[in-house]
Amino acid sequence: MSVLTVGFDLDMTLVDSRPGIAAAYRALTARTGVHVDAEVAVSRLGPPLRTEIAHWFPPEQVEEAVTIYRELYPAYAITPTVPLPGARAALDAVRARGGRVLVVTSKIGRLARLHLDHLGLTVDELAGDLFAEEKASALRAHGATHYVGDHVADMVAAGAAGVPGIGVATGPCSADDLHGAGAAVVLGDLGGFPAALDRMIRLALEQ
């Protein structure tokens, strides 16, 4: 087996960013006058920002709205965000087994880094602004052996990279959705991750 390198998605996998992102969307509405239903928006986190913005803004205003949102984001979204249950222990578990931690997210890298630094979540590599199959390039480039995520697109990424996908049902996708998208294992949350990782390592060594 290759050197253990576990990739993690960020939003709703490692962190619950819904309160902060909702605040950023409300600030975007206040700045632009265009209504964004923040609660609806945060109920479907996962796809790229432009995808969500396009639900609320006409096509010719999407890029400007993305720019404004990202300008507002540090002031509104970082402080309210908290680690999800088991997140710190999951990262510690990878390192305790001699592994490396990679975060691959659809969020742009500089904003993802603000979350990680604010919460004291230390990772070895960070790749941002990637979604679904796009994430596979980063997983391959960094030698990922597993990928953990809450969205069906994360399981697609794992499959495209040729590594086992570990689903966590803490985001918008159900356990059945994650299984259907190809997850090798699905957990209720990251609390079960260390034991699941040990089982997967043993299976890989036996093959």
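Keep in mind that this is a model prediction, so the values were computed, not measured.

A. Focus on the layout of surface pockets. Taken as a whole, the largest pocket holds about 360 Å³ of empty space. Around the largest pocket sit 27 residues that line it, and Leu45, Pro47, Pro48, Leu49 and Ser106 are the ones nearest its centre. For the lining of the largest pocket, the secondary structure elements donating two or more residues are α1 (18-32), α3 (49-53) and α4 (62-77). Classifying every residue of the lining of the largest pocket by side-chain character gives twelve nonpolar, six polar and nine charged.

B. How the structure looks around the packing of α4 against helix α6 (residues 109-119). Here α4 crosses α6 at 5°, and the two axes come no closer than 11 Å. Judged on the interaxial angle alone, α6 and α4 are roughly parallel. Of the residues in α6, those touching α4 at Arg70, Tyr73, Pro74 and Ala77 are Arg110, Leu111, Leu114 and His115.

C. Up close: the sheet that holds strand β5 (residues 125-127). The parallel open sheet is built from six strands, whose spatial order is β5-β4-β1-β6-β7-β8. Both outer strands of the open sheet, β5 and β8 (185-187), are each paired with one neighbouring strand and no more. Neighbouring strand axes in the sheet, compared pairwise and without regard to direction, differ in orientation by 20° on average. Where strand β6 (residues 146-149) meets strand β7 (residues 165-168), three bridges bridge the pair, whose relative direction is parallel.

Thresholds, definitions, all that
Residues numbered from 1 in each chain as written. Predicted model: local features only at pLDDT ≥ 70, side-chain atom pairs only at ≥ 80, totals over all residues. Heavy atoms only, no water. 1 Å grid on protein atoms, 1.4 Å probe; cavity = no way out; pocket = protein on both sides within 12 Å on 5 of 7 lines; lining within 4 Å. Points joined across faces, edges and corners; volume = space filled by probe spheres on them. Helix = DSSP H or I, 4+ residues; strand = E, 2+ residues; numbered from the N terminus. Nonpolar A, V, L, I, M, F, W, Y, C, P; charged D, E, K, R; others polar. Axes fitted to C-alpha atoms, helices over the stretch in contact; angles between N-to-C directions. Parallel < 35°, antiparallel > 145°, perpendicular 65-115°, else oblique. Contact = heavy atoms within 4.5 Å. Pairing = 2+ DSSP bridges.

Remember that the coordinates give geometry; whether it matters functionally is a separate question.
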